[in-house]
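Here is how the chains run, residue by residue.
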Amino acid sequence: MYQISRIIRLVLLGGIALLFVSCGGGNYSSRDSGPSSPVDVTHIPDAVPRAEPKSKYGNPASYVVFGQRYHVMHSSSGYRERGIASWYGNKFHGRRTSSGEPYDMYAMTAAHKSLPLPTYARVTNLRNGRSVVVKINDRGPFHDNRLIDLSYTAASKLGILSEGTGLVEVVALDPHRPEPASNIANTRPAPTPVSARVSAPPAALSAPDMYLQIGAFSSRNNAERLKSRLGDVALPGIEILQGFANQQPVFRVRVGPIATVEEADRMANMLTQHGIDSPHVVID
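For the structure given in this document, a descriptive report is provided here. None of these values were measured; they are calculated from a predicted model.

1. Comments concerning the sheet that holds strand β12 (residues 238-245)
The strands making up a sheet associate through hydrogen bonds between their backbones, and the pairing can be parallel or antiparallel. What the four strands build is an open sheet, ordered β12-β13-β11-β14; its pairing is antiparallel. Strands at the two margins of the open sheet, each flanked by one partner only, are β12 and β14 (280-283). Averaged over all adjacent pairs, the angle separating strand axes in this sheet is 45°, with direction ignored. Inspection of the sheet shows β12 paired to strand β13 (residues 248-258) by eight bridges, in the antiparallel sense. If you follow Leu 241 over to β13, its bridge partner there is Arg 252. Across the face of the sheet, helix α3 (residues 261-273) comes into contact with β11 (210-217), β13 and β14 while running at roughly 30° to β11.

2. Some thoughts on the nonpolar core
In terms of nonpolar packing, the biggest core is built from 34 residues, with Met 108, Val 123, Val 134, Ile 136, Ile 148, Leu 150 and Val 170 touching the most fellow members. Setting aside chain neighbours within four positions, we find Val 123 in contact with Arg 130, Ser 131, Val 132, Val 134, Ile 148, Leu 150, Leu 158, Val 168, Glu 169 and Val 170. Counting 26 residues, the second largest nonpolar core, distinct from the first, contains Leu 230, Val 233, Phe 251 and Met 270.

3. Overview of the environment of Ala 154
As for its position among the elements, Ala 154 is in helix α1 (residues 152-158). Take Ala 154: its relative accessible area is 0%, and that puts it in the buried class. Separated by 49 residues in the primary sequence, Ala 154 and Met 105 have C-alpha atoms spaced 8.6 Å apart. Those residues in contact with Ala 154 that sit more than four places away from it in its chain are Met 108, Thr 109 and Val 134.

4. Brief notes about the pairing of strand β8 (residues 131-138)
Along β8, eight of the eight residues are buried, which leaves the element largely enclosed by surrounding structure. One ladder, built from three bridges, connects strand β6 (residues 109-111) with β8; its direction is parallel. Across the sheet, Ala 111 pairs through a bridge with Asp 138, a residue of β8. Two elements, strand β7 (residues 119-125) and β8, share six bridges in a ladder whose sense is antiparallel. Looking at β8, one finds that Thr 119 is bridged to Ile 136. Two successive antiparallel strands, β7 and β8, enclose a turn made up of five residues, where Gly 129 displays a positive phi of approximately 80°.

5. Describing the sheet that holds strand β10 (residues 166-173)
Ordered in space as β5-β9-β6-β8-β7-β10, the six strands form a closed barrel in which the pairing is mixed. Between one strand axis and the next, the sheet turns by 45° as a mean value, whatever way the strands run.

6. Quick notes on the packing of aromatic side chains
Summed over all chains, the structure comprises six aromatic pairs. Here the aromatic residues Tyr 63, Tyr 70 and Phe 142 are joined through ring pairs into a cluster of three or more. A cation over an aromatic ring shows up here: Arg 254 above the ring of Tyr 211, its NZ or CZ 3.7 Å from the ring centre.

Thresholds, definitions, all that
- Residues numbered from 1 in each chain as written.
- Predicted model: local features only at pLDDT ≥ 70, side-chain atom pairs only at ≥ 80, totals over all residues.
- Heavy atoms only, no water.
- Pairing = 2+ DSSP bridges.
- Helix = DSSP H or I, 4+ residues; strand = E, 2+ residues; numbered from the N terminus.
- Axes fitted to C-alpha atoms, helices over the stretch in contact; angles between N-to-C directions.
- Contact = heavy atoms within 4.5 Å.
- Core = buried A, V, L, I, M, F, W, Y, C linked by side-chain atoms within 4.5 Å.
- Buried < 20%, exposed > 50% of the residue type's maximum accessible area, 1.4 Å probe, protein only.
- Phe/Tyr/Trp six-rings, centres within 6.5 Å; stacked < 30°, edge-to-face > 60°.
- Lys NZ or Arg CZ within 6 Å of the ring centre and 35° of its normal.

This is how it looks when you write it as structure tokens:
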């Protein structure tokens, strides 16, 4: 939920370059916040997916923030990912988003690093089953191991305001087709057209497991060498999982399970100091 200024457009060498400096990254001396007094957001409806042209300024092929290059996806079709959600609020209320729209912390919107702007998505809290539909119209969060930055209202409806973060699943929606079925059991009824959808009620879920993936190899021997190299580091556990990518075996090395987002952040920093490049969160 730490934030910095949202978007600066620069004209360079006769062309337009976009420098996105947005939510959730870097070292900050100030915190974001919600409204000064409690607000009842239960009456605010979910975003309703509709066909819209891509943002003129929000979809460069790639852009750089804090020295890291991000690539914008050509399409959101089939996108489904689990990760950590954060939120942003009063500090950016009324400021311009990466798509050019003003940020409204009371609207059902969100920021994402690579999905096309705009994209409509269903976001589900994996710990309590609450689910909302948001319009992704901004870039961020530029904090390691954060998947999506939610508006104050979206975060409130999902129940992650107090902790500041939550484990979520993000599924892109197609305004022209019924919403895809979720792989989260018992969180909502069978799919109907998204324009008629409302937020699903909370449902009892088994607690998701969070891990840090620290390597993926085509050779099991390389995976074993990495595991052995970290044998003296204080970690909750290291395991090697065999899977397949492009019909070829892949051996993924991961650490966990990890109980909290704060612990995952601490452990990621520690692993980076031990030469592990960009450990990233995975959620089962």
